[in-house]
Amino acid sequence: MKSSILLQQLDARLEQLAHSVAPLAERRTRRARFDQQLFHCQGQRLGDYLQEIRDTLAQLKQCVAAQHAEQLAWLAERVVLQMGALQREVANQPVSRATANSPQQKLAQHREFERRLLAMIAEREQQLGQQETLLQQQAIQREIVALEGRLQRCRAALKLIEMACLS
């Protein structure tokens, strides 16, 4: 029962990630994006990595169904790490030059940055409650502080852009 709920949550998170990756899925890069220990594929498109996450999640579901406990924890951790890595990569993709022309476009872009930062903070706060050791908690707290700093700078930029739009 508990594992089925967790699988549903992973499915939902994967769908959110797929939605974020969709506009960038076919964009080619010059080199592979991730460590070979995290992703086996060394593709040049984010869509390739999204597909590997789907494959890993399918393997995880098979392990749950077959009750292979020894692989279950490893695959679950791998799926979560892969999703996190791809999510960070999407958040760090350079913004198209065509979208940064007008103040209104910059405003929309920064609002999207703000939304993503808020989502990342919420995710880290959720992870904070799940950590067992003080060192793990402190590491997550440092990440939250750094994200809150980025959010503060983003909001300051938003105010400047809003003022530029009004003038």
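What counts as what
Residues numbered from 1 in each chain as written. Predicted model: local features only at pLDDT ≥ 70, side-chain atom pairs only at ≥ 80, totals over all residues. Heavy atoms only, no water. Helix = DSSP H or I, 4+ residues; strand = E, 2+ residues; numbered from the N terminus. Expected span 1.5 Å × (residues − 1). Buried < 20%, exposed > 50% of the residue type's maximum accessible area, 1.4 Å probe, protein only. Contact = heavy atoms within 4.5 Å. Salt bridge = Lys/Arg side-chain N within 4 Å of Asp/Glu carboxyl O. Axes fitted to C-alpha atoms, helices over the stretch in contact; angles between N-to-C directions. Parallel < 35°, antiparallel > 145°, perpendicular 65-115°, else oblique. Left-handed = near helix turned anticlockwise from the far one by under 90°. Core = buried A, V, L, I, M, F, W, Y, C linked by side-chain atoms within 4.5 Å. Arc of directions from axis to C-beta.

### Things to note about helix H3 (residues 69–91)
Since there are 3.6 residues in each turn of an α-helix, residues three or four apart along the chain are aligned in direction.
Then comes step 1: Here H3 is 23 residues long and its end C-alpha atoms lie 34 Å apart, about the 33 Å a rise of 1.5 Å per residue gives.
Then comes step 2: Those residues of H3 that fall on the buried side of the exposure criterion are Leu75, Arg78, Val79, Gln82, Met83, Gly84, Ala85, Leu86, Glu89 and Val90.
Then comes step 3: Of the surrounding secondary structure, the elements contacted by the buried residues of H3 are helix H1 (2–21), helix H2 (46–66) and helix H4 (103–130).

### Considering the pattern of salt bridges
Then comes step 1: Evaluated as defined, the whole model comprises 10 salt bridges.
Then comes step 2: The residue arginine 78 makes a salt bridge to glutamate 52 at a minimum N-O spacing of 3.9 Å. Taken together, the positions of arginine 78 in helix H3 and glutamate 52 in helix H2 put the pair 26 residues apart, joining distant regions of the chain.
Then comes step 3: Classification of arginine 78 by relative accessible area gives buried; the value is 8%.
Then comes step 4: The network of salt bridges with common partners includes Glu26, Arg45 and Asp48.

### Focus: the packing of H2 against H3
Then comes step 1: The N-to-C vectors of H2 and H3 enclose an angle of 160°; their axes lie 9 Å apart at closest approach. As summarised for this structure, H2 and H3 are arranged roughly antiparallel, according to the angle between their axes. Viewed along their axes, H2 and H3 form a crossing whose handedness is left-handed. On H3, the residues that touch Leu46, Tyr49, Leu50, Glu52, Ile53, Thr56, Leu57, Gln59, Leu60, Cys63 and Val64 of H2 are Gln71, Leu72, Leu75, Ala76, Arg78, Val79, Gln82, Met83, Leu86, Glu89 and Val90.

### What about the packing of H1 against H3?
Then comes step 1: It is at 10 Å that the axes of H1 and H3 come closest, and there the two elements cross at 25°. Between H1 and H3, the crossing angle belongs to the class labelled roughly parallel. The two elements H1 and H3 cross, and the hand of that crossing is left-handed. Contact residues: Leu10, Arg13, Leu14, Leu17, Ser20 and Val21 in H1; Val79, Val80, Met83, Gly84, Leu86, Gln87 and Val90 in H3.

### Quick look at the environment of phenylalanine 113
Then comes step 1: Looking at the element boundaries, phenylalanine 113 is found in helix H4.
Then comes step 2: Note: C-alpha distance between phenylalanine 113 and cysteine 154 (41 residues apart in sequence) is 7.3 Å.

### Describing the nonpolar core
Then comes step 1: Among the nonpolar cores identified, the biggest contains 24 residues, and Val21 and Leu86 are the most heavily contacted of them.
Then comes step 2: For this core, the secondary structure elements donating two or more residues are H1, H2 and H3.
Then comes step 3: Here the element with the most residues in this core is H2; it accounts for 7 residues.
Then comes step 4: When sequence neighbours within four positions are dropped, the list of residues in contact with valine 21 reads Leu46, Gly47, Leu50, Leu86 and Val90.
Then comes step 5: In terms of nonpolar packing, the next biggest core, distinct from the first, is built from 6 residues, Ile121, Leu147, Leu151 and Cys154 among them.

### Concerning H2
Then comes step 1: The end-to-end C-alpha distance of H2 is 30 Å, a good match for the 30 Å that 21 residues give at a rise of 1.5 Å each.
Then comes step 2: All of the buried residues along H2 are Leu46, Tyr49, Leu50, Glu52, Ile53, Thr56, Leu57, Leu60 and Cys63. Along the axis of H2, the buried positions cluster into a sector of 155°, meaning they face one direction only. Across H2 from its buried face, at more than 90 degrees, point the exposed residues Gln62 and Ala65.
Then comes step 3: Buried-residue contacts for H2 involve H1 and H3.
Then comes step 4: The positive-phi residue at the C-terminal boundary of H2 is glutamine 67, with phi of around 60°.

These figures capture arrangement, not role.
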